[in-house]
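# What the coordinates show
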Amino acid sequence: KSLKSNLLKKQSTIMKAIGFYSLIISFMICLFGCGNKNNLIVLKPNSVFQYSTLSSLLEGIYDGEMTVGELKKHGNYGIGTFNALDGEMVLYEGECYKVTSDSKVIKVDDSEKTPFAAVCTFVPDTIIKIGHPVNLKEIKHYIDSIMPSGNLLYAYKISGSFDSIVIRSVPKQQKPYVRLIEAYKAQGVYTFAHLDGILFGYKFPKYLKDVNMDDYHLHFLTNDKSKGGHLLNCRILNGEVAVAYIRNFQLQLPGNNYFKTTAFINSKSELLKIEGGKN
């Protein structure tokens, strides 16, 4: 009986130890993101965090308090702009890039600030292969035809070889700031051929059109990080479209007096002029 009792005690001790170490291992797996090639901690997959609104940007509110470092806490992919409307933002694989008005790309540090940006931890739900040349209108039409609902928010990463691409960026603005439709009169528009790169961005539902664009809003970055900008048009030879269905959306509003006191016109027709019409 004494021997049996000792064996049972040892077995109980071993089982407790196994349980403890299993708990530790599970915790370490969660902490370091086993299976994620970049060892990123995926806290909120496919939740979009946005700072400020499209309507405020249209009115010329080009200064915000949100830093790039703070944005990175909410995701590893995203798009937006910088204070004083100083270039197009592309957050790609956790690194933030600024595309200047001459389409050049500069890596920015965490202290830079933004008046408008949307970021997410991108985990695709659907991947669509592109096996033949298609233009932007055809890409949009096909994606729309297979998406489950027009009432959802989607994030897109389109990667591949581009036969041609038309992109733009705006020059840094000086105070007093003009409205966006005026600022974009000085934009730089560039057409490039035979580039490999990625497009990243979102499509918001129509009921959020004053918050963000209710059409495809995509920014481009070449694989070598040498060129980029806001997409106007493109023709892709081959590649893939990765789509994430956004299940959560968080909006943080600016705390400055410009945002608090500005009257928003929210003119959709102005936005269409800025975008040059739908492709």
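For the structure given in this document, a descriptive report is provided here. (Residues numbered from 1 in each chain as written. Predicted model: local features only at pLDDT ≥ 70, side-chain atom pairs only at ≥ 80, totals over all residues. Heavy atoms only, no water.)

This next bit is on the environment of Glu112. Within the fold, Glu112 resides in the loop between strand E6 (105-107) and strand E7 (113-114). Assessed through its relative accessible area of 24%, Glu112 is described here as partly exposed. In this structure, the C-alpha to C-alpha distance between Glu112 and Glu65, residues 47 residues apart in sequence, is 9.6 Å. Among the polar contacts made by the side chain of Glu112, one reaches the side chain of Lys98 at a distance of 2.8 Å. (Helix = DSSP H or I, 4+ residues; strand = E, 2+ residues; numbered from the N terminus. Buried < 20%, exposed > 50% of the residue type's maximum accessible area, 1.4 Å probe, protein only. Polar contact = N/O pair within 3.5 Å; in protein donor to acceptor, adjacent residues only side chain to side chain.)

Ranked by internal contacts, the top residues of the largest apolar core, which has 25 residues, are Ile143, Tyr156, Ile165, Leu199, Val241 and Val243. Elements supplying a minimum of two residues to this core: strand E9 (126-130), helix H4 (136-146), strand E11 (153-169), strand E12 (188-203), strand E13 (217-222) and strand E14 (228-246). Membership of the second largest hydrophobic core comes to 23 residues, among which are Leu153, Phe200, Val211 and Ala242. (Core = buried A, V, L, I, M, F, W, Y, C linked by side-chain atoms within 4.5 Å.)

To describe a pair of aromatic rings, you give the distance between the ring centres and the angle between the ring planes. Scanning the entire structure with this criterion turns up 14 aromatic pairs. Both rings, one in Phe204 and one in Phe249, keep their centres 5.5 Å apart while their planes meet at 85 degrees; by these two values the pair is edge-to-face. One end of the pair, Phe204, is in the loop between E12 and E13; the other, Phe249, is in strand E15 (residues 248-252), with 45 residues separating them in the sequence. It is Lys98 that lies over the ring of Phe82; its NZ or CZ is 5.1 Å from the centre. (Phe/Tyr/Trp six-rings, centres within 6.5 Å; stacked < 30°, edge-to-face > 60°. Lys NZ or Arg CZ within 6 Å of the ring centre and 35° of its normal.)

With that settled, consider unusual backbone geometry. With an omega dihedral of -5 degrees, the bond running from Lys175 to Pro176 counts as a cis peptide bond. Residue position: Pro176 is located in the loop between E11 and helix H5 (180-183). Although it is not a glycine, Ser103 adopts a positive phi angle of roughly 70 degrees. As for its placement among the helices and strands, Ser103 is situated in the loop between strand E5 (95-99) and E6. Owing to a relative accessible area of 6%, Ser103 belongs among the buried residues under this scheme. Positive phi, normally seen in glycine, also occurs at Lys225, with a value near 60 degrees. Relative to the helices and strands, Lys225 is located in the loop between E13 and E14. Residue Lys225 is classed as partly exposed on the basis of its relative accessible area, which comes to 26%.

These values are about where atoms sit, not about what they do.
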